[in-house]
Protein chains: 2
Amino acid sequence: MREIFHQELSQLGADLESMAHQVATAVERAAESLRHGDIIVAEQVIDADERINDLQRDIDDLCVMLLARQQPVAGDLRHVLSALRVAQTLERQGDLARHVAAIARGRYPEPPAPEPVLGLLLQMADLAVRAGRDVARLIETRDLGLAKTIEAGDSKLDALHRRSFQMILDPAHELSRQQVIDAVLLGRFLERFGDHSTSVARRVAYLVSGASLPETHDNEDADALHRR
Amino acid sequence: MREIFHQELSQLGADLESMAHQVATAVERAAESLRHGDIIVAEQVIDADERINDLQRDIDDLCVMLLARQQPVAGDLRHVLSALRVAQTLERQGDLARHVAAIARGRYPEPPAPEPVLGLLLQMADLAVRAGRDVARLIETRDLGLAKTIEAGDSKLDALHRRSFQMILDPAHELSRQQVIDAVLLGRFLERFGDHSTSVARRVAYLVSGASLPETHDNEDADALHRR
């Protein structure tokens with residue numbers, strides 16, 4: 001019984017790794033579609049999101065089956081519940097990558113924003129890509145140094161997000177309303193992608209170290225944003 | 001043991017009801033702060049979000065304790081896992097209500113948008129309020145008719161969200177960039193609030209009826225939006 005349980009747990013680990021890699025690829029391609037106005041790559045992200053959603057359902061089913069059949073306690077229970085939540089968060093990140101790609105596709109062959117706004121959004125996208133890759137490596141290696149790197153990257157992403165509003169508001173930059181809409185949404189999607197990466201990083205760190213880490217909430221930052 | 005378990009399950013139900021009512025109140029007040037530019041009410045929403053977050057942590061702890069100590073299977077397991085997820089979704093809805101209130105507060109004493117954009121956003125807010133109330137009643141009563149009402153309301157909310165972009169893009173409406181930013185974010189927050197209500201409704205319906213209902217994804221709608 002324990003033998004089977006540990007096989008199933010390692011299957012769960014492998015599925016999560018695979019899911020995290022697919023999300024990392026999705027956000028890489030979303031960033032590429034934004035940078036190069038590449039509609040083919042944008043379509044790939046949108047199509048691949050279905051597979052990420054399927055994988056989440058598989059992980060969900062596996063977790064429920066494990067809980068029902070093996071009735072794990074203590075560390076094993078914590079492990080299965082964390083897997084459930086990490087899969088949910090990764091699924092959400094897949095949606096966000098898809099949204100970024102959908103905007104790139106919707107504006108094709110134009111970029112969704114002129115410089116310097118586009119440049120700032122691309123910097124945000126690069127940070128999201130790094131976060132996606134680091135999350136995949138963290139799930140694979142359990143190297144807690146990566147959890148700190150992910151959190152630090154997320155702070156940078158938040159700072160760029162705040163800067164994006166200043167830039168959009170600056171009348172020196174000519175922007176159509178469509179461009180303002182796209183820049184606001186792209187900024188929001190990328191910032192949320194970063195939040196979710198931090199949330200996964202904290203959960204994995206909690207799982208590995210047993211340390212209690214607070215949940216990430218999408219609060220203070222947003223309040224500061226609107227308190228201009 | 002079963003006796004205690006059922007007491008704990010009913011505690012869990014009571015906590016979820018309380019949380020859903022607090023979220024309904026939060027979105028009601030967020031809508032009010034938007035409608036009347038009421039900064040006191042906006043502050044109340046922002047402060048109350050902490051209590052919603054605390055309640056989620058309590059429910060989380062109770063669920064983990066139930067899983068570890070009682071090792072439920074079948075329907076009871078499904079019940080506890082659903083509670084975990086519903087609490088997560090409600091927590092997220094509290095954040096979104098808080099974001100709406102933060103924008104209302106940030107623009108005080110001006111409304112965040114001129115008419116007719118404000119009117120449309122208020123219609124969206126009213127639908128979100130109805131969804132919040134219906135979710136609380138659904139959790140309380142398990143009346144599956146409400147689940148359908150919530151889904152239908154969410155479709156209307158999505159339609160209004162699409163309309164909000166058309167309105168923002170219409171040059172006949174004078175809007176500053178700040179107003180465009182606010183309208184885009186308010187629309188997004190309210191639309192997501194509706195998505196989460198549908199997600200809770202489906203999960204409760206699944207729990208009550210045993211019927212399999214697909215997860216709600218934030219996909220098709222967004223893709224359509226960007227494919228102008």
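An unreviewed UniProt entry annotates chain A as Phosphate-specific transport system accessory protein PhoU originating from Actinomyces lilanjuaniae. Regarding chain A, the relevant UniProt record gives this comment under Subcellular location (unreviewed entry): "Cytoplasm". The record held by UniProt for chain A lists under Sequence similarities (unreviewed entry) the comment "Belongs to the PhoU family."

For chain A, the count of helices and strands is seven helices and zero strands. Relative to its length of 228 residues, chain A is compact, with a C-alpha radius of gyration of 19 Å against a globular reference of 17 Å. Principal-axis analysis of the C-alpha atoms gives chain A an extent of 65 × 35 × 25 Å. Looking at chain A as a whole, 58% of its 228 residues qualify as buried. Summarising the internal contacts of chain A: among those between residues at least 6 apart in sequence, 83% fall at separations of at least 24. When the accessible area of chain A is evaluated, it comes to approximately 9100 Å², of which 51% is carbon and sulfur surface. Averaging the coordinates of the 27 positive side-chain charges in chain A and doing the same for the 37 negative ones gives two points 4 Å apart.

Residues and elements named next belong to chain A. Where helix α3 (residues 74–107) contacts helix α6 (residues 177–209), the axes come no closer than 9 Å and their chain directions differ by 160°. One finds that α3 runs roughly antiparallel with respect to α6. At the point where α3 passes α6, the crossing takes the left-handed sense. Across the contact of α3 with α6, the residue classes break down as twelve nonpolar, nine polar and seven charged.

Let's shift gears to the relation of the copies chain A and chain B. Overlaying chain A on chain B yields an RMSD of 0.0 Å, the required transformation being a rotation through 180° with an accompanying axial translation of 0.0 Å. The relationship between the two copies is best expressed as a two-fold rotation axis. No C-alpha of chain A approaches the rotation axis more nearly than that of Gln71(A), which lies at 2.8 Å. A share of 100% of interface residues in chain A that are also interface residues in chain B marks the association as one of identical surfaces.

Our next topic: unusual backbone geometry. Residues and elements named next belong to chain A. That bond from Tyr 108 to Pro 109 is cis: its omega, 5°, falls within 30 degrees of zero. Along the chain, Pro 109 falls in the loop between α3 and α4 (117–141). Here the residue pair Glu 115 and Pro 116 is connected by a cis peptide bond, since its omega of 0° sits within 30 degrees of zero. Looking at the element boundaries, Pro 116 is found in the loop between α3 and α4. Of note in this structure, Arg 142 is not a glycine but carries a positive phi near 60°.

For the rest of this paragraph, the subject is the interface of chain A and chain B. If you look at the interface, chain A gives 52 residues, while chain B gives 52 residues. For the pairing of chain A and chain B, the buried interface totals around 4700 Å² over both sides, and the portion due to carbon and sulfur atoms is 50%. One salt bridge connects Arg85(B) with Asp60(A), and the closest N-O pair in it is separated by 2.6 Å. Where chain A packs against chain B, one counts nine residue pairs in polar contact (both at pLDDT 80 or more). When residues of the side of chain A that touches chain B are traced back to their parent elements, those giving at least two are α2 (39–70), α3, α5 (144–169), α6 and α7 (220–226) of chain A. Looking at side-chain class alone, the side of chain A that touches chain B contains 22 nonpolar, eleven polar and 19 charged residues.

Let us now look at the nonpolar core. Counting 148 residues, the largest nonpolar core has Leu90(A), Ile139(A), Leu90(B) and Ile139(B) as its most contacted members. Once you skip the residues sitting within four places of it in the chain, Ile139(B) turns out to touch Leu16(B), Glu17(B), Ala20(B), Val86(B), Leu90(B), Val200(B) and Val204(B).

Let's shift gears to helix α1 (residues 2–36) of chain B. An ideal rise of 1.5 Å per residue puts 51 Å on 35 residues; α1(B) measures up with 51 Å between its terminal C-alpha atoms. Gly37(B) sits one or two residues past α1(B) and shows a positive phi near 55°.

This paragraph deals with the UniProt feature "domain: PhoU" (unreviewed entry) in chain A. Residue and element names in this part refer to chain A. Mapped onto the present numbering, the UniProt feature "domain: PhoU" (unreviewed entry) falls at residues 16–103 and 121–204. Across residues 16–103 one finds 94% helix and 0% strand; the C-alpha atoms that close the span lie 28 Å apart. Overall, residues 121–204 shows 89% helix and 0% strand. The separation of its end C-alpha atoms is 28 Å.

All names here are of chain A. Counted according to the given criterion, the structure contains 28 salt bridges over all chains. Note that Arg 98 and Glu 50 form a salt bridge whose closest N and O atoms lie 3.9 Å from each other. One end of the pair, Arg 98, is in helix α3; the other, Glu 50, is in helix α2, with 48 residues separating them in the sequence. The exposure class of Arg 98 is buried, given its relative accessible area of 7%. Taking the shortest distance from any N to any O, the salt bridge between Arg 188 and Glu 191 comes out at 3.4 Å. One end of the pair is Arg 188 and the other is Glu 191, both in helix α6 and three residues apart, which spans about a single turn. Pair check on accessibility: Arg 188 and Glu 191 agree, each one buried. Taken together, the shared-partner salt bridges in this structure form one network comprising Asp 49, Glu 50 and Arg 98.

It is worth spelling out helix α5 (residues 144–169) of chain B at this point. Helix length check: α5(B), at 26 residues, gives a terminal C-alpha distance of 39 Å against a target of 38 Å (1.5 Å per residue), a fit within 8%. The N-cap of α5(B), judged by a side-chain oxygen 2.8 Å from the amide nitrogen of Gly145(B) a few residues on, is Asp143(B).

Residues and elements named next belong to chain B. The N-to-C vectors of α1 and helix α3 (residues 74–107) enclose an angle of 20°; their axes lie 9 Å apart at closest approach. When the interaxial angle is binned, α1 and α3 end up roughly parallel. Along this stretch, α1 crosses α3, giving a crossing that reads as left-handed. Residues belonging to the contact of α1 with α3 are distributed by class as follows: 20 nonpolar, five polar and three charged.

The rules we used
Residues numbered from 1 in each chain as written. Chains lettered and ligands numbered in written order. Predicted model: local features only at pLDDT ≥ 70, side-chain atom pairs only at ≥ 80, totals over all residues. Heavy atoms only, no water. UniProt positions renumbered as here; feature names shortened; annotations may be inferred. Helix = DSSP H or I, 4+ residues; strand = E, 2+ residues; numbered from the N terminus. Rg over C-alpha atoms; globule rule 2.2 N^0.38 Å. Buried < 20%, exposed > 50% of the residue type's maximum accessible area, 1.4 Å probe, protein only. Contact = heavy atoms within 4.5 Å. Areas by Shrake-Rupley, 256 points an atom, 1.4 Å probe, with all protein chains shown as cover. Lys, Arg positive; Asp, Glu negative; His and termini not counted. Charge placed at Lys NZ, Arg CZ, Asp CG, Glu CD. Axes fitted to C-alpha atoms, helices over the stretch in contact; angles between N-to-C directions. Parallel < 35°, antiparallel > 145°, perpendicular 65-115°, else oblique. Left-handed = near helix turned anticlockwise from the far one by under 90°. Nonpolar A, V, L, I, M, F, W, Y, C, P; charged D, E, K, R; others polar. Least-squares fit on C-alpha atoms with pLDDT ≥ 70 in both. Buried area = accessible area lost by both parts, 1.4 Å probe. Salt bridge = Lys/Arg side-chain N within 4 Å of Asp/Glu carboxyl O. Polar contact = N/O pair within 3.5 Å; in protein donor to acceptor, adjacent residues only side chain to side chain. Core = buried A, V, L, I, M, F, W, Y, C linked by side-chain atoms within 4.5 Å. Expected span 1.5 Å × (residues − 1).

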